[in-house]
Amino acid sequence: MTQPVLELLRSHRSIRKFTEQPVEESLLRDLITAGQSAATSSNLQGVSVIRVRNPETRRAMAELAGGQAYVEEAAEFLVFCADLNRSGWCCEQSGKTMADGMTEHFIIATVDVALFAQNVVVAAESEGLGICYIGALRNDPQQVSDLLALPDNVYPVFGLCLGYPDQDPECKPRLPLDAILMEEHYQPVNAERMAEYDETMRTYYQRRTGGKLDRVWSQEMSALLGKESRPHMREFLEKKGFKMR
């Protein structure tokens, strides 16, 4: 009974081309219900999911995400938000004031979003759907918030394209297991194993692009972490009530 689940999880790919087939309303609701079954710290359930169907809003979000056309083309586009507004309302109803701006509350809500969304993704892929996370909504989280009328103490963590695949890409190789699974204490990077993985990734990219892309994982990480990344996020989060104290 467990093997098909393991095979499903190992077969994950990001899908960026979708057919025009719609996702049935009942299936979509089932997927969101599956998300609700994810673990949630202290039963906070600090997640809100906004289904975006308006073509103009989709177009604007695709542009904000760097021109990713599949935001417009996917059968469904969902925005997953970390939500402390609802729990703040509970405090008000009981005559209490929420201790706003707590870093721990921010972490709990953000982790809740990731767990919730991954449940949705696994459920969707088990039904033959494809997905693509859109973290680039954070390129301009204020405009996304304005488009979705997000109140204070709610912020967009990422979007999710959802639909029936119109492509069949191969799985992207992951780091070797012994680079991730450690015994008893943290272990230093094994340069030889990392070099082997770099060559695995080089082969993958060349095969995927017909030899046009010669890139390895360590170069990707150097490019990613060797520069500032969305420095506007801290100021934006503070304005939304996430003061990290």
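Whatever comes next refers back to the structure up there.
*Asks:* Just checking my understanding: could you explain the overall build of the chain for this structure?
*Replies:* Of the regular secondary structure elements, the chain holds 11 helices and 4 strands. Taken over the C-alpha atoms alone, the chain extends approximately 60 × 50 × 40 Å along its principal axes. For the chain, the residues scored as buried account for 36% of the 245 residues in total. Within the chain, contacts between residues at least 6 apart in sequence are counted, and of these 81% link residues at least 24 apart.

*Asks:* Is there a simple way to think about the environment of Pro4 in this case?
*Replies:* Summarising the element assignment, Pro4 is placed in helix H1 (residues 3–10). Between the C-alpha atom of Pro4 and that of Ser126, which follows or precedes it by 122 residues, the distance is 9.6 Å.

*Asks:* Honestly, helix H3 (residues 55–64) in this entry has me stumped. Any pointers?
*Replies:* Structurally, the α-helix is built with 3.6 residues per turn, so residues lying three or four positions apart point the same way. Among all positions of H3, only Thr57, Arg58, Met61, Ala62 and Leu64 are buried. Taken end-on, H3 shows its buried residues confined to a sector of 160°, consistent with a single buried face. Facing away from the buried surface of H3 by more than 90 degrees, the exposed residues are Pro55, Glu56 and Glu63. Where H3 is buried, its residues touch helix H4 (70–73), strand E2 (76–83) and helix H7 (141–148). Count one or two residues on from H3 and you reach Gly66, which has phi positive near 85°.

*Asks:* How do you make sense of the pattern of salt bridges when you look at a structure like this?
*Replies:* In the structure shown here, the tally under the stated rule is 14 salt bridges. Arg215 is the partner of Glu220 in a salt bridge, and the nearest nitrogen-oxygen pair spans 3.3 Å. Assessed through its relative accessible area of 19%, Glu220 is described here as buried. Take Arg215: its relative accessible area is 30%, and that puts it in the partly exposed class. Of the charged contacts, one joins Glu235 and Lys239 as a salt bridge, the two residues approaching to 3.4 Å between their closest N and O atoms. Taken together, the positions of Glu235 and Lys239, both in helix H11 (residues 232–239) and 4 residues apart, correspond to about one turn of that helix. By relative accessible area, Lys239 is classed as exposed at 56%. Among the charged side chains, a network of salt bridges with common partners joins Glu25, Arg51 and Glu76.

*Asks:* Hey, could you run me through the sheet that holds strand E4 (residues 154–163) in this one?
*Replies:* The strands making up a sheet are joined through hydrogen bonds of the backbone, oriented either antiparallel or parallel. Taken in spatial order, the 4 strands line up as E1-E2-E4-E3 in an open sheet, and their pairing is antiparallel. Two strands close off the open sheet at either side, each with one partner strand: strand E1 (47–51) and strand E3 (130–134). Ignoring strand direction, the axes of neighbouring strands in this sheet form an average angle of 25°. Taken together, the 8 bridges between E2 and E4 define a ladder with antiparallel strand orientation. Note on E4: the bridge partner recorded for Asp83 is Val154.

*Asks:* Where do I start with the packing of helix H2 (residues 25–36) against helix H6 (residues 103–126) in this structure?
*Replies:* Relative placement of two packed helices is described by the angle separating their axes and the distance separating the axes. It is at 7 Å that the axes of H2 and H6 come closest, and there the two elements cross at 135°. Put simply, H2 runs oblique to H6. For the element pair H2 and H6, the recorded crossing hand is right-handed. Every residue of H6 that contacts H2 at Leu31, Ile32, Ala34, Gly35 and Gln36 is listed here: Phe116, Asn119, Val120, Ala123 and Ala124.

*Asks:* Hey, could you run me through the packing of aromatic side chains in this one?
*Replies:* One pair of aromatic rings is described through two measures. These are the centre distance and the angle between the planes. Applying the stated criterion across every chain, the model contains 8 aromatic pairs. An angle of 80° between the planes, with centres 5.1 Å apart, marks the rings of Tyr133 and Phe158 as edge-to-face. On the criterion of sequence distance, the pair formed by Tyr133 in strand E3 and Phe158 in strand E4 is long-range, its members being 25 residues apart. Judged by its relative accessible area of 12%, Phe158 is buried.

What counts as what
- Residues numbered from 1 in each chain as written.
- Predicted model: local features only at pLDDT ≥ 70, side-chain atom pairs only at ≥ 80, totals over all residues.
- Heavy atoms only, no water.
- Helix = DSSP H or I, 4+ residues; strand = E, 2+ residues; numbered from the N terminus.
- Buried < 20%, exposed > 50% of the residue type's maximum accessible area, 1.4 Å probe, protein only.
- Contact = heavy atoms within 4.5 Å.
- Arc of directions from axis to C-beta.
- Salt bridge = Lys/Arg side-chain N within 4 Å of Asp/Glu carboxyl O.
- Pairing = 2+ DSSP bridges.
- Axes fitted to C-alpha atoms, helices over the stretch in contact; angles between N-to-C directions.
- Parallel < 35°, antiparallel > 145°, perpendicular 65-115°, else oblique.
- Left-handed = near helix turned anticlockwise from the far one by under 90°.
- Phe/Tyr/Trp six-rings, centres within 6.5 Å; stacked < 30°, edge-to-face > 60°.

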